[in-house]
Amino acid sequence: MIPAIVVFLYLAAVVYIGIFAFRRAAGKEQAEDYFLASRSLGPFVFLFSLFGTNMTAFAILGSSGHAFSNGIVTFGLMASSSGLVIPLSIFLIGTRVWALGKKYGFMTPVQMFRDRWECSHIGTVIFAVQAAMLVPYIIIGIMGGGTTLYTISGGVVPFWFGGAIVAMVVMSYVFFGGMRGTAWVNTFQTVLFLCFGAIALTVIGVGMGGFRSAAQAMAASPLAPLLSRERISPFYFFSYTFIPLSAIAFPHILIFCLTARKITQFKKTVIFYPICIMAIWLPCVFLGVMANRVTEIPQIKERQVARATLATQGKTMEPEQRDQLREKSAGDDVIMLLLQQYAPLWLAGLLGAGIMAAVMASDSQILALSTMFTEDVFAFYGGKTRFGEAVQVQTGRIFIILITLFAYIVALQAPETIFELAIQYAFSGFASLSPLLIGALFWRGSTKWGALAVTLWTAAAVVAVAVFQSMVPAPAPSPGSNPNIVFWWLGGTEALSRTPGGTAVFGFMPVVPMVIVSALLMYFVSLATKKPAPSTIARYFGGQHS
Amino acid sequence: MKRFLLVVAVVALYVLHQDIWFWRSRYLVFGFFPIGLFYHFCFSIAAALLMWLLVTFAWPSHLEREVEQAQREEDVTR
């Protein structure tokens, strides 16, 4: 129960930060202050809050779970590629969006698209697609909160109550503190994440009797492939470098880019982003791999047995049996199990708070959705003119309550795996929307019809992948042979196949063709359609017109 | 020339991410650090260094000037 008490103290601190931010707000009824903290964040808060916004529960729980099952490949797949692509996209795109926000007062990406391409309802279509892909994050955040509190309290806090507490806490500080509260809480949480990795690594390393002996024993055992990347194809590995393109296309990240006081505040963020990612992911991935050597924890043993059964007998099983085994073999809780085994109670509580911080990263998505709704729909369709700015801010606050309530109710009803899958598609979806930003900011010739084509293609592709994966059950993993169910052959090559982990198109993840087709659509549809007025293009690119 | 070299450096680092040469190696650096993981640890440091180079030699300072100019014009209009 001690860890649960420490976590509750942490939650109280987070609510206090939100209320403190509310008190500090100079213009409580001004939209720019509530939704963007008056574009006034300093370098430290900007770096840590932008980074924290992008770190979800997956950074700690999912990464170690993925590494537990797949080995060290997790770091190269998800962390080091992000360490290159995300800061690069912040450098190239984030700074430009910040400057345009300062010059023209944009508060959301859709406002910029509407202005840049002289469109109205196409902007609403972009809003709808972005919102549909963001909602699953909020739901999964509440589910993660409920599960974490349940585990940390040893079952004393039931899932429904834990989820309700997390929903209430997040809603409170977003409701009161707006962007300022969210940024401060994110900064606090990021500092916790960063401490978490180092402390967890040390405590567990000492508990296991040192990593050297564990790693060497693993290298000499049948688990040795987990120390290399031999189980993953280079095509799959390459595909993953497209996924971090999604980061800058996420509305909550772009909206965060608008909050910096000066452009120079991007400098530290761009330089330290790869280091921050490494500081969090490296310990989690390493511990996830090393968890395979722990013999004293029965739950870890059970997961290994389930994984081995799936690999050896999976082919002969029914799809439902395979799904059950897959769920049983998932190692998302290995870090928590290791902490329970090796950390003293008070420290387990503190580290539990670190995990809660990761789980609660849905705050920025809730605020972003509220900002988008009030700016792109309420204000755009006349609400602000008719009712005033104070009502707009109140509408934003009511929207926060409604979306959190909706997410909580759905979280209680639906199985978690549905939303995990939705998030998997959403990453590809947002990566596929990235040509919108590149077209808007770097190409004079881009048009609203090109933007519409990209948006519709993204929506259709995400739905198509989801339908394909629900219609064709995932095959069992089969080390040493090709387990894929080939749906379409082209010239002796697997053009479309169902893999144990998802879908492959010519061996690549769907994100690769999705991004390439999006870029081609932006180019060719824009070439064939009417450009915005020269005066509009001049506002974005200076005097020269295409 | 400076910009061209920076573009080459970005492309080179992107290509270096695909380290097929350590794909199957289970060698443990310092006796505990799998080489595939160690490589990507070094890659992350290299990415931070590259970002420092970009910020130092290719910073879009014109954006700041444009914003300042727009704010001055706005002040004059008021």
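This report concerns the structure included in the present document. (Residues numbered from 1 in each chain as written. Chains lettered and ligands numbered in written order. Predicted model: local features only at pLDDT ≥ 70, side-chain atom pairs only at ≥ 80, totals over all residues.)

## What about the environment of A:T187?
All names here are of chain A. Using the following cut-off: Elements are defined by DSSP. Helices are runs of H or I of four residues or more, strands are runs of E of two residues or more, and each kind is numbered from the N terminus. By the criterion used throughout, residues are in contact when their C-beta atoms, derived from the backbone, lie within 7 Å.
Mapped onto the elements, T187 comes out in helix α8 (residues 159–207). Distance from T187 to F48, taken between C-alpha atoms, is 4.9 Å for residues 139 residues apart in sequence. With near-sequence residues (within four places) excluded, T187 lies in contact with V45, F48, S49 and G52.

## Thoughts on unusual backbone geometry
All names here are of chain A. Threshold: Residues with at least 20 neighbouring C-beta atoms inside 10 Å of their own are called buried, those with 12 or fewer are called exposed, and the rest are partly exposed, where every C-beta is derived from the backbone.
Here E118, not a glycine, exhibits a phi torsion of approximately 50°, which is positive. Mapped onto the elements of the fold, E118 is located in the loop between α6 (109–117) and α7 (121–152). Although it is not a glycine, F506 sits at a positive phi angle of roughly 50°. Since 13 C-beta atoms lie within 10 Å of it, F506 is described here as partly exposed.

## Quick notes on the interface of chain B and chain A
Taken together, the contact pairs 32 residues of chain B with 40 residues of chain A. Contributions of two or more residues to the side of chain B that touches chain A are made by α1 (2–16), α2 (35–57) and α3 (61–77) of chain B. If you tally residues by element for the side of chain B that touches chain A, the top one is α2(B), at 12 residues.

## A word on α6(A)
Residues and elements named next belong to chain A. In terms of burial, α6 is a largely internal element, 8 of the 9 residues being buried. Taken as a whole, α6 has its buried residues at P109, V110, Q111, M112, F113, R114, R116 and W117. Positive backbone phi, at 50°, marks E118, one or two positions downstream of α6.

## With respect to the environment of A:T190
All names here are of chain A. Positionally, T190 belongs in helix α8. Classification of T190 by C-beta neighbours within 10 Å gives buried; the count is 25. Ignoring sequence-local partners within four residues, the contact set of T190 consists of F48, F51 and G52.

## Some points on the sheet that holds strand β2 (residues 493–499) of chain A
All names here are of chain A. Stated formally: Here the rule is simple: two strands pair whenever DSSP picks up at least two bridges between them. Helix axes use the C-alpha atoms of the stretch in contact, all axes being lines fitted to C-alpha atoms, and the angles between their N-to-C directions lie in the range 0 to 180 degrees.
Pairing in this open sheet of 3 strands is antiparallel, and the strands run β1-β2-β3 from one edge to the other. In this open sheet, the two strands that pair with only one neighbour each are β1 (485–490) and β3 (502–505). The mean inter-strand angle of the sheet, taken between neighbouring strand axes irrespective of direction, is 10°. Both β1 and β2 contribute to a ladder of 5 bridges, which runs antiparallel. Across the sheet, residue L490 finds its bridge partner in β2, namely T493.

## Regarding the packing of helix α1 (residues 2–24) of chain A against α8(A)
Residue and element names in this part refer to chain A. Where we set the bar: Any angle that is under 35 degrees is reported as roughly parallel, and any over 145 degrees as roughly antiparallel; angles of 65 to 115 degrees are reported as roughly perpendicular and all others as oblique. By the definition used in this description, the sense in which the near helix is turned from the far one sets the handedness, with an anticlockwise turn below a right angle giving left-handed and a clockwise turn giving right-handed. Under the convention adopted here, Pro, Cys and the residues Ala, Val, Leu, Ile, Met, Phe, Trp and Tyr are nonpolar, Asp, Glu, Lys and Arg are charged, and Gly plus all remaining residues are polar.
Where α1 contacts α8, the two axes come as close as 7 Å, and the packing angle between them is 55°. One element, α1, and the other, α8, form an angle in the oblique class. At the point where α1 passes α8, the crossing takes the left-handed sense. Contacts from L11, V14, V15, I17, G18, I19, A21, F22 and R24 in α1 reach I165, V169, S172, Y173, F176, G177, R180, G181, W184, V185 and F188 in α8. Split by residue class, the contact of α1 with α8 holds 14 nonpolar, 4 polar and 2 charged.

## Things to note about the packing of α8(A) against helix α13 (residues 265–290) of chain A
Residues and elements named next belong to chain A. Across the interface, α8 lies against α13 with an axial gap of 8 Å and an inter-helix angle of 30°. What the angle tells us is that α8 and α13 run roughly parallel. Considering the relative orientation of α8 and α13, their crossing is left-handed. Here F193, L194, G197, A198, A200, L201 and I204 of α8 lie close against α13, whose contacting residues are A279, I280, P283, C284, F286 and L287. The residue makeup of the contact of α8 with α13, split by class, is 12 nonpolar, 1 polar and no charged.

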